[in-house]
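Letter by letter, the chains look like this.
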Amino acid sequence: MAKDFYGDLQLGILGGGQLGRMLIQEAINFNVNVHILDPDKNAPCRKLCNRFECGDLSDFDTVYNFGKDLDLITIEIEKVNVDALEKLEDEGVIVYPQSRVIRLIQDKGLQKQFFKQNNIPTAGFQLISSVENLAETTIALPYIQKLRRDGYDGKGVKRISTEQDLETAFTAPSLIEELVDFEKEIAVIVARNDRGDVTTFPLVEMEFNPEANLVEFLISPSNLSFEIQMQADEIAKKIANDLQIVGLLAVEMFLTKDGQILVNELAPRPHNSGHQTIEGNVTSQFAQHLRAIFNLPLGSTAARTNAVMINLLGEPKYEGLAKYDGVEDALRIEGVFVHLYGKKYTKPFRKMGHVCIVNDDRELAIKNARLVQEILKVKA
C-alpha cells in the first residue's frame, strides 16, 4: 500500500450503521482517516467520521463519486453498487473485500453454486426463476425459500410447509433449500490479509429470535467437541482461501442432529456473530478487519474469557423515540458491557444495541446474560 494507514491514507466505508460505528471506534486507535457514505442522514456514524456523505449505496454515480478520491474502500453492508466498485478498482482504488467477492455474496444463488463447485458442505438446493417454478421443484415440502438478492437481517426468507404457503411465496428470483433438522446454529469468523495470512475466531453458538429471525443470544467460545470445532474452523479457512478474500468473512453454519456441519450463508464484513470479541477476545473482529485490509499482521483471536452477547432489539409494540429501560440495573451486574448504536428511533425488532456479558464461569455468564435479557428493554 503506497500510504501508511496511520497517515494520509483515506479510508471509505460504504454504510454508516452500527458496524461502521464500531469499525470507526477501532480506526481511531489506528489514527485512520474515515469517510462514510450512508442513505440515512441520521446514521450512527455521522458524527464520528472525518467526512459523512448522505447518499444511495445502490446508485452507480453516488458510489463512484464518493470513492474516486479515496485510497481504500470497505463495506459494512453487501447491498452496494458493485459496478461502481469495479470501475474504482480499475482506476487504482483498493476495494476490500474485492468487488468480485461482494458480487458473488450479494446473490445467494451464486453463493450456493460456489459451495457446490468448491465441495463445501451445504443443504441441497434448487434455483428458482419464478414462482411458477415452485410447482415443479424436486425438493419435497417443507423447504426454505430465500430471495437471491437483498435479503438481510431475517428478511427475504420464508418457510414453505404446505401447498397453501405457495400462495404467499416470493415471486422474485429465489432459491429453495432442503429443510435442515439442525441441533445448533454456529458461526466462525475468519480473516485473511493480502499476504494470504488466515486466522479464525473461536466457534460460537447462536440462538435466533423466532419472530424476527435475528441472532438474539450468542455464546463464545463454544463447548462443542474439539472435532466439531476443528471441522468448522477448517471449512471457514477453506472458504476464505477459495475466495481469496481480503478482509473479514463470517461463515454461518448449521450443526445437524447427526453431527454434520452445513454452511448456511456468508457475510464479507464484520458481523453480528462477532460483537462479543470486543470484550471477549484478545483482538476484536473490528480491529482484525482493519489489520486485514491494511495488510498488517493479524492479531491473536484467543478468547480472554467466556463471553455472551445479546442483541438489543426494539420491543414488538413500540415505535418512536428510543427509550432504554433497565440500563442501570443491567450495569449493576458484574461483567456487563452495554453498546448502544446511536439510533434515535426504535421500531419492532430493529437492532438498537448489544450487550456483552463476560465471566470466567461459563454458566454464570449465561445466567447473567439471561437476566440482562429480562431487564433491559428498548421501548419508545
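Residues numbered from 1 in each chain as written. Predicted model: local features only at pLDDT ≥ 70, side-chain atom pairs only at ≥ 80, totals over all residues. Heavy atoms only, no water.

### With respect to the packing of helix H3 (residues 82-90) against helix H4 (residues 99-106)
Worth spelling out the cut-off: With axes taken as lines fitted to C-alpha atoms, and helix axes fitted only over the stretch in contact, angles between N-to-C directions fall between 0 and 180 degrees. Where helices and strands are cited, they refer to DSSP runs of H or I of at least four residues and of E of at least two residues respectively, numbered from the N terminus. Roughly parallel refers to an angle under 35 degrees, roughly antiparallel to one over 145, roughly perpendicular to one between 65 and 115, and oblique to any angle outside these ranges. Each crossing gets its handedness from the near helix: less than a right angle anticlockwise from the far helix is left-handed, clockwise is right-handed. Residue contacts follow a heavy-atom distance rule, with two residues in contact if any of their heavy atoms lie within 4.5 Å. Ten residues, namely Ala, Val, Leu, Ile, Met, Phe, Trp, Tyr, Cys and Pro, are considered nonpolar, four, namely Asp, Glu, Lys and Arg, are considered charged, and the remaining ones, Gly among them, are considered polar.
At a closest axis distance of 9 Å, the pairing of H3 and H4 adopts a crossing angle of 165°. In terms of axis orientation, H3 runs roughly antiparallel to H4. In the packing of H3 onto H4, the handedness of the crossing is left-handed. Where H3 approaches H4, its residues Val82, Asp83, Leu85, Glu86 and Glu89 are matched on the opposing element by Ser99, Ile102, Arg103 and Gln106. Of the residues contributing to the contact of H3 with H4, the split by class is three nonpolar, two polar and four charged.

### Considerations on the packing of helix H2 (residues 60-67) against H3
Direction vectors running N to C along H2 and H3 enclose 30°, while the axes themselves pass 8 Å from each other. The way H2 lies across H3 gives a crossing that is right-handed. Each of Phe60, Val63, Tyr64 and Gly67 in H2 lies in contact with H3, whose residues at this interface are Asp83, Ala84, Leu85, Lys87 and Leu88. Here the residues of the contact of H2 with H3 are counted per class, giving six nonpolar, one polar and two charged.

### Some thoughts on the environment of Ile228
Threshold: When accessible area is computed with a 1.4 Å probe and restricted to protein chains, residues below 20% of their type maximum are described as buried, those above 50% as exposed, and intermediate ones as partly exposed.
Following the sequence through the fold, Ile228 ends up in helix H6 (residues 226-243). For Ile228, a relative accessible area of 12% corresponds to the buried category. Considering only alpha carbons, one finds Ile228 and Gln260, 32 residues apart in sequence, at a separation of 8.5 Å. Excluding residues within four positions of it along the chain, Ile228 makes contact with Leu203, Leu255, Gly259 and Ile261.

### Let's talk about the nonpolar core
As a reminder, the rule being used: Each nonpolar core is a collection of buried residues, namely Ala, Val, Leu, Ile, Met, Phe, Trp, Tyr and Cys, held together in the definition by side-chain atoms within 4.5 Å.
Counting residues in each nonpolar core, the largest one holds 26 residues, and the members touching the most others are Ile239, Leu243, Leu249, Val251, Met253, Val263 and Leu266. Every element with two or more residues in this core is listed here: H4, helix H5 (108-117), strand S10 (182-192), H6, strand S14 (247-256) and strand S15 (261-267). With seven residues, the single largest contributor to this core is H6. Setting aside anything within four residues of it in sequence, one finds Leu243 in contact with Arg100, Val101, Leu104, Ile105, Phe114, Leu249 and Leu266. One finds Ile13, Val34, Tyr96 and Leu296 within the second-largest nonpolar core, a separate group that totals 23 residues.

### Details of the pairing of strand S9 (residues 174-178)
Where a strand is regular, its side chains alternate between the two sheet faces. Note the threshold: At least two bridges found by DSSP between two strands is the condition for calling them paired.
Across the five residues that make up S9, a large majority, four, are buried. Pairing of strand S6 (residues 125-128) with S9 involves four bridges; the strand directions are antiparallel. Following the sheet pairing, Ile128 is matched in S9 by Ser174. In this structure, strand S7 (residues 143-147) lies alongside S9, joined through five bridges in antiparallel fashion. From the neighbouring strand, Leu147 faces S9, where its bridge partner is Ser174.

### Regarding the sheet that holds S9
Ordered by their spatial adjacency, four strands build an open sheet running S6-S9-S7-S8, and the pairing between neighbours is antiparallel. Both outer strands of the open sheet, S6 and strand S8 (157-160), are each paired with one neighbouring strand and no more. Each strand of the sheet is rotated relative to its neighbour by a mean of 25°, with strand direction disregarded. H5 contacts S6, S7 and S9 of the sheet and is inclined by roughly 145° relative to S6.

### Description of the state of the cysteines
The following threshold applies: Cysteine sulfurs are considered disulfide-paired once they come within 2.5 Å of each other.
With the rule as written, the count across this model stands at zero disulfides. Free cysteine: Cys49, not disulfide-bonded; nearest cysteine sulfur from Cys45 at 6.4 Å. Classification of Cys49 as buried rests on a relative accessible area of 14%. Of the cysteine sulfurs around Cys54, a residue in no disulfide, the closest is that of Cys49, at 12 Å.

### Let's talk about the side chain of Arg362
Its location among the elements puts Arg362 in helix H10 (residues 362-375). A relative accessible area of 17% means that Arg362 is categorised as buried. Setting aside chain neighbours within four positions, we find Arg362 in contact with Glu205, Ile219, Pro221, Ser222, Asn223 and Asn306.

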